[in-house]
Amino acid sequence: MKITDATVSVTCPGRNFVTLRITTDEGVTGLGDATLNGRELAVASYLADHVVPLLAGRDPHRIEDTWQYLHRGAYWRRGPVTMAAIAAVDVALWDIKAKVAGLPLYQLLGGASRDRLTAYGHADGRDLPELLDSVRARLAQGYRAIRVQSGVPGLRAVYGVHAPDGSGSTVPHQQDRPLVEDWDTDAYLRHIPAVFEAVRAEFGAELPLLHDAHHRLTPVQAARLGKDLEPYRPFWLEDCTPAENQEALRLVRRATTTPLAIGEVFNSVFDYQTLITEQLVDHVRSSVTHFGGLTPLRKLFDLAALYQIKGSTHGPEDISPVGLAAALHLELAVHNFGIQEYTGHSAPTREVFPAAYTFEDGFLHPGEEPGLGVAYDEAAAARHPYRRSYLPVNRLADGSVHDW
Ligand code: GCO
Ligand code: MG
């Protein structure tokens, strides 16, 4: 079998998605997600201009070899653009291999280790009553684990918290300039423990609660937050520090037993080397899409398993249904799966990407269709042309830019 064609397509059914479709001489097609929120066209160009010309004539079954060829062969390794592009090729080849085998992809990854995948949803509110209502709404949708994000007194717009007009939202997009949000770490650290106390008081001790600090804290601040949240037993504290400095997590780890999750902006196993071998985190959270595909993510999960660390991939709306489905197949198969973030996608997005995976009773399942179980409706995609979009930026009271 040979690859005959590969095409890159960008569509915006509410937000932008970059999709690679690989076709073989036997007419089998595979899909890969290459979406990099706010920098979509850079990956589309990397693929179309530099990768697609290399694919024709290759054997689609040689997935590991193609991965190494694109990764080592380019000389310039790593980085979100490169790794999202390689991921799209890798996932499309896995999709083809599983379709040829006539099996859902998880069967090729070892078969199911579990029956279904626990998902967590997002609750947010500008104040406590709004947040409690939002938790109730997620529970009504069946979620059994919930991420809790709250507005902070004195701050106008906080990432992950919806404003009534939809701005300052978890899905900032279709803006020609980044939305400017504001931040005050001390105010946040004073406020969040009370938020957890109130949510626990309302919903009891059993509900798994998660929280995303979105890389905003120093190690000492993260240690403080971890300690202050301990009485409320969070399921995890996510991205507490900007972990380019992996050693920073040593201080946090020594100070608190609050479980730590990290990795949505990581794109190589080397970003995790210290974190895993020194057991500084409890969950590795890279997505298939931003980590170079299923081939390297499987290796990361296997390394993490040696240290009782779980694989719990990043699953926001800006991972396309193709990228999400890839994660679900892997997570059904590996033993050390933790939890899967799931926000769902808009109706127009589901129309562009008809998908076999299901969300029922708080659990996800990739479905039983051969391959990934996701299609790409070209005509629907063409109705939603690309629109430039940016993630927000964050400024402190003195006007300086902060991590967000
Ligand atoms: C999450 C995230 C997202 C990211 C977004 C960036 O945990 O879901 O932090 O909301 O910020 O995916 O593109
Ligand atoms: Mg996050």
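Residues numbered from 1 in each chain as written. Chains lettered and ligands numbered in written order. Predicted model: local features only at pLDDT ≥ 70, side-chain atom pairs only at ≥ 80, totals over all residues.

Chemist: Account for the site of ligand 1, with residues named and values stated.
Modeler: Taken together, 10 residues sit near ligand 1, with Asn37, Asp212, Pro316, Asp318 and Glu341 positioned nearest. In terms of residue class, the shell around ligand 1 is made up of two nonpolar, four polar and four charged. (Near = placed C-beta within 6 Å. Nonpolar A, V, L, I, M, F, W, Y, C, P; charged D, E, K, R; others polar.)

Chemist: Before we move on, could you go through the confidence of the model for the protein chain and cite the residues and values that matter?
Modeler: Confidence in the prediction of the protein chain, expressed as mean pLDDT, is 95, and 97% of residues score 70 or more. Within the model, pLDDT remains below 50 along residues 167–172, and this stretch shows 20 contacts once partners closer than five positions in the same chain are excluded. As scored by the predictor, the complex reaches a pTM of 0.97 and an ipTM of 0.98. (pLDDT = per-residue confidence, 0-100. Contact = placed C-beta atoms within 7 Å.)

Chemist: So what's going on with helix H3 (residues 80–101)? Which residues, and what values?
Modeler: A rise of 1.5 Å per residue sets the reference length of H3, with its 22 residues, at 32 Å; its end C-alpha atoms lie 31 Å apart and thus fit the reference within 8%. Burial runs high along H3: 18 of the 22 residues are buried. Looking one or two residues beyond H3, the residue adopting positive phi is Gly102, at roughly 75 degrees. (Helix = DSSP H or I, 4+ residues; strand = E, 2+ residues; numbered from the N terminus. Expected span 1.5 Å × (residues − 1). Buried ≥ 20, exposed ≤ 12 C-beta atoms within 10 Å, placed from the backbone.)

Chemist: Could you give an account of the pairing of strand S5 (residues 146–150), with specific residues and numbers?
Modeler: Counting buried positions along S5 gives five out of five residues, so the element sits mostly inside the fold. Both faces of S5 are covered, namely the face carrying Ile146, Val148 and Ser150 and the face carrying Arg147 and Gln149. In the sheet, strand S4 (residues 117–125) pairs with S5 via five bridges, with the strands oriented parallel. Directly across from Gly125, in S5, lies its bridge partner Ser150. In the classification by handedness, the crossover that spans S4, the intervening helix H5 (residues 128–140) and the parallel S5 is right-handed. Of the strand pairs in this sheet, S5 and strand S7 (residues 209–212) are connected by two bridges, and their pairing is parallel. Bridged to Ile146 within S7 is Leu209. (Pairing = 2+ DSSP bridges. Right-handed = clockwise from strand over helix to strand, strands pointing away.)

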